[in-house]
Amino acid sequence: MIADATFAPADGGVRALRFIPRASVPLETACVVANGIRETLRELLGECDLVLGEPSALGPPAWALLAHESLLFLTRGRLTDVVIVLPKRDARRLVLRAFGEGDELPDGACSALEMHALERIAARCAAAFEPLCRGRGEGSRAVRGHEVPACTAYFDLRVRSPLPLTLGIGIVRDLPDPGPTATLAPRTLEAVTVDLRAVFAEGILDAAGFVELRPGSVVKLETKVGAPASLNLGAGRLATGVAGVVASHTAFLVHDVATGVHA
């Protein structure tokens, strides 16, 4: 399991180093999702001041604590399923603002009409989950805690204005390793040198014949006269062409570049 280094809370002025499991959600992916949800909330609430929490790996106990006393909205996807975690008090605050009824929180659970409105809001937010799901199945729907497996990763979106609320994003299945997140510009490698090998004739020689080689020995090659030569990097062929001499220097004239070399 890949882990990240972090520091425990200060104890007597010293913060102990510890390792925690690494979340399978890259921070840049979480940023894309957060931007999509912010646009949805902006349409609903007006200008939003939103802070993204860093993605964290979760165990079953932590997920049970997060899901307790929260409304859950599940969106199924090809790579993983995503759960919106909305604390009940924040859910009431959000739906009352959407209905234009102010921020005062009356006691009691959400009504059927309010739940329907929240489901519609969750469905609109789910449009931002494409970087996580890579293709969505059925639309977002309200679920109970026992209807969804424990999430393995989580990050939250903390809205500071126009009203304070927290909207959590739970990832049911770990995402596959995305690989390198960036590539090098060609100019970065301009100073790097590589050893290339030009092959213009090939043959097979058994061990006994190799041991008997002497100056003047004739080795039979299997390559036909005038056959294309190859330019190799390690075991891979980069190009085919003609080997020869230019201005007293050994040279190789490229005719064709192998498929995939420029990629």
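No experiment lies behind these values; they were computed from the predicted model shown.

A.B. asks: Explain the sheet that holds strand S13 (residues 249–257) to me, please; I cannot follow it from the model alone.
C.D. replies: The strands that make up a sheet are held in pairs by hydrogen bonds between backbone atoms, and each pair lies either parallel or antiparallel. Sheet architecture is open: 4 strands sit in the order S10-S11-S12-S13, paired in antiparallel fashion. In this open sheet, the two strands that pair with only one neighbour each are strand S10 (197–199) and S13. Here the average twist between neighbouring strands, direction ignored, is 40°. When strand S12 (residues 236–246) meets S13, the two strands line up antiparallel, connected through 8 bridges. Within S13, the residue paired with Ala243 across the bridge is Phe252.

A.B. asks: What is the right way to read the packing of helix H3 (residues 88–98) against helix H4 (residues 112–125) from this model?
C.D. replies: How two helices pack is summed up by the angle between their axes together with the distance between the axes. Two numbers describe how H3 lies on H4: the axes approach to 10 Å, and their chain directions differ by 90°. Considering the angle they form, H3 stands roughly perpendicular to H4. Contacts between H3 and H4 pair Ala91, Arg92, Leu94, Val95, Leu96 and Ala98 from the former with Glu114, Ala117, Leu118 and Ile121 from the latter. Classifying every residue of the contact of H3 with H4 by side-chain character gives 8 nonpolar, no polar and 2 charged.

A.B. asks: Can you help me understand the pattern of salt bridges in this one?
C.D. replies: Any two side chains of opposite charge can pair if their charged atoms end up close together. The tally for this structure, following the rule as stated, stands at 9 salt bridges. Among the ionic pairs, Asp81 bridges to Arg76, the shortest N-O distance being 2.9 Å. Of the residues examined, Asp81 reaches a relative accessible area of 6% and is grouped as buried. Arg76 gets classed as partly exposed once you look at its relative accessible area, which sits at 31%. Measuring nitrogen to oxygen at the nearest pair gives 2.7 Å for the salt bridge that ties Asp90 to Arg93. Placement of both Asp90 and Arg93 in helix H3 is noted, with a separation of 3 residues, approximately one turn of the helix. Like Asp90, the residue Arg93 is buried in the burial classification. Each member of the salt-bridge network shares a partner with another, and the members are Glu39, Arg42 and Glu47.

A.B. asks: Would you take a moment to explain the nonpolar core for this structure?
C.D. replies: Within soluble globular proteins, side chains that are nonpolar generally end up buried alongside one another. Of all hydrophobic cores here, the largest spans 39 residues; its most connected members are Ile37, Leu118, Phe129 and Ile169. Among the secondary structure elements, those contributing two or more residues to this core are helix H1 (27–45), strand S5 (70–75), strand S6 (82–87), H3, H4, helix H5 (130–133), strand S8 (153–161) and strand S9 (165–171). The residues touching Phe129, leaving out its near neighbours within four places in the chain, are Val33, Ile37, Thr75, Val82, Ile84 and Ile169. Leu58, Leu72, Val148 and Tyr154 belong to the second-largest nonpolar core, a separate cluster that totals 12 residues.

Reading guide: rules and limits
- Residues numbered from 1 in each chain as written.
- Predicted model: local features only at pLDDT ≥ 70, side-chain atom pairs only at ≥ 80, totals over all residues.
- Heavy atoms only, no water.
- Pairing = 2+ DSSP bridges.
- Helix = DSSP H or I, 4+ residues; strand = E, 2+ residues; numbered from the N terminus.
- Axes fitted to C-alpha atoms, helices over the stretch in contact; angles between N-to-C directions.
- Parallel < 35°, antiparallel > 145°, perpendicular 65-115°, else oblique.
- Contact = heavy atoms within 4.5 Å.
- Nonpolar A, V, L, I, M, F, W, Y, C, P; charged D, E, K, R; others polar.
- Salt bridge = Lys/Arg side-chain N within 4 Å of Asp/Glu carboxyl O.
- Buried < 20%, exposed > 50% of the residue type's maximum accessible area, 1.4 Å probe, protein only.
- Core = buried A, V, L, I, M, F, W, Y, C linked by side-chain atoms within 4.5 Å.

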